[in-house]
Amino acid sequence: MTDLEKKIGYVFKNKDLLRTALTHSSYANERRTESYERMEFLGDSVLGFVTAEFLFSHEPPVPEGKMSRLRSELVCEQNLHKVAEKLGISGSMLLGRGEEKSGGRERVSVLADMVEAIIAAIYLDSGIVQAKEFIYAYILNDADLSEYHSPVDSKTILQELVQRQSDCSIAYEEVMETGPDHNKLFTFRVVINGVPAGEGSGRTKKEAEQAAAAEALKVLTK
């Protein structure tokens, strides 16, 4: 954890906060201790607030409708995973034996969530100013908002492609949902003429449907 503190650029007064932020539920269950999940919930809110403030204060001003989309893109799982890789969080994670064997140390969603848990740990240890410094340094660092754009509406594109053929049907089916109530991960399947054409996952059902449509498009447009 000392090495991680050096990379973060912050030394914890209460080391247990950082330890909890790095503790996977599998390890917590084995040792009867607390996992990172509650802290991830708090960190998600702190990150959302700081990012919203960043967008609100941006010059030139960002239109209201665009702020929500940009915030989602800036704090998405992919971006947070990049931060986790940069900090080398996987090497500091506390995992249970089963999770270790199943490759949990490289699980993208967990690494991204632990970044949010670390934000919460900093916030609880020193307050919003220090948490904000971390967020600006690693997540909002030199963010060029011109690089962010609306995600492709894969469902609409797929619908238009399917409609070119007569008597074609398209439907979306929920395959499964995992995770705690505050952080669900949904998996959906798109079915064309009764045949599965692609699957995808996301934090919301709409996001999962878009991901499934994108996978179907990859196959259909080869």
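Definitions and cut-offs
Residues numbered from 1 in each chain as written. Predicted model: local features only at pLDDT ≥ 70, side-chain atom pairs only at ≥ 80, totals over all residues. Heavy atoms only, no water. Patch = residues over 30% accessible without salt bridge, like charges linked within 9 Å, V, L, I, M, F, W, Y side chains within 5 Å. Areas by Shrake-Rupley, 256 points an atom, 1.4 Å probe, with all protein chains shown as cover. Salt bridge = Lys/Arg side-chain N within 4 Å of Asp/Glu carboxyl O. Helix = DSSP H or I, 4+ residues; strand = E, 2+ residues; numbered from the N terminus. Pairing = 2+ DSSP bridges. Axes fitted to C-alpha atoms, helices over the stretch in contact; angles between N-to-C directions. Phe/Tyr/Trp six-rings, centres within 6.5 Å; stacked < 30°, edge-to-face > 60°. Buried < 20%, exposed > 50% of the residue type's maximum accessible area, 1.4 Å probe, protein only. Lys NZ or Arg CZ within 6 Å of the ring centre and 35° of its normal. Core = buried A, V, L, I, M, F, W, Y, C linked by side-chain atoms within 4.5 Å. Contact = heavy atoms within 4.5 Å. Parallel < 35°, antiparallel > 145°, perpendicular 65-115°, else oblique. Nonpolar A, V, L, I, M, F, W, Y, C, P; charged D, E, K, R; others polar.

This next bit is on a nonpolar patch on the surface. Among the surface-exposed residues, Phe-49, Tyr-123, Leu-124, Ile-128 and Val-129 lie close enough to one another that they form a single nonpolar patch of about 460 Å² accessible area. Every element with two or more residues in the nonpolar patch is listed here: α8 (108-126) and α9 (128-138). Following the sequence through the fold, Phe-49 ends up in helix α4 (residues 37-56).

Two strands in a sheet stick together by hydrogen bonds in their backbones, pointing the same way (parallel) or opposite ways (antiparallel). The strand order across the open sheet formed by three strands is β1-β2-β3, and the pairing between neighbours is antiparallel. The open sheet is flanked by β1 (170-178) and β3 (195-202), the only strands paired with a single partner. Adjacent strand axes in the sheet meet at a mean angle of 20° when their direction is disregarded. In the sheet, strand β2 (residues 185-192) pairs with β3 via seven bridges, with the strands oriented antiparallel.

What follows concerns the packing of aromatic side chains. By convention here, two paired aromatic rings are described through the distance between centres and the angle between planes. Enumeration according to the criterion identifies three aromatic pairs in this entry. For the ring pair Phe-54 and Tyr-136, a centre distance of 5.7 Å and an interplane angle of 85° mean the geometry is edge-to-face. A residue pair is termed long-range when its members are at least 10 positions apart, and Phe-54 in helix α4 and Tyr-136 in helix α9 qualify at 82 residues. Given the relative accessible area of 12%, Phe-54 is considered buried. With relative accessibility at 30%, the residue Tyr-136 sits in the partly exposed group. If you follow Lys-155 out to its NZ or CZ, it ends over the ring of Tyr-172, 4.7 Å from the centre.

Before going further, it helps to spend a moment on the nonpolar core. Within the largest apolar cluster, 42 residues are counted, with the highest numbers of intra-cluster contacts made by Ile-89, Ile-118, Phe-134, Ile-135 and Ile-139. Every element with two or more residues in this core is listed here: α1 (2-8), α2 (15-21), α4, α5 (64-74), α6 (77-87), α8 and α9. Excluding residues within four positions of it along the chain, Ile-139 makes contact with Leu-47, Leu-74, Leu-80, Val-83, Val-115, Ile-119 and Phe-134.

Put simply, α4 and α8 touch, their axes get as near as 7 Å, and they point 80° apart. Taken together, α4 and α8 sit at an angle that is classed as roughly perpendicular. When α4 is examined against α8, the residues Met-39, Glu-40, Leu-42, Gly-43, Asp-44, Val-46 and Leu-47 are found in contact with a partner set consisting of Asp-113, Glu-116, Ala-117, Ile-119, Ala-120, Ala-121, Tyr-123 and Leu-124. Here the contact of α4 with α8 is composed, by residue class, of ten nonpolar, one polar and four charged.

Trans peptide bonds make up the majority, and among non-glycine residues the majority have a negative phi. Non-glycine residue Arg-32 carries a positive phi angle of around 55°. Assignment of secondary structure puts Arg-32 in the loop between α3 (25-31) and α4. Even without being glycine, Asn-193 reaches a positive phi, approximately 55°.

If you trace the backbone, Asp-113 turns up in helix α8. Given a relative accessible area of 9%, Asp-113 falls into the buried group. If we ignore the near neighbours within four places in the chain, the residues touching Asp-113 are Tyr-36, Glu-40, Asn-183 and Arg-203.

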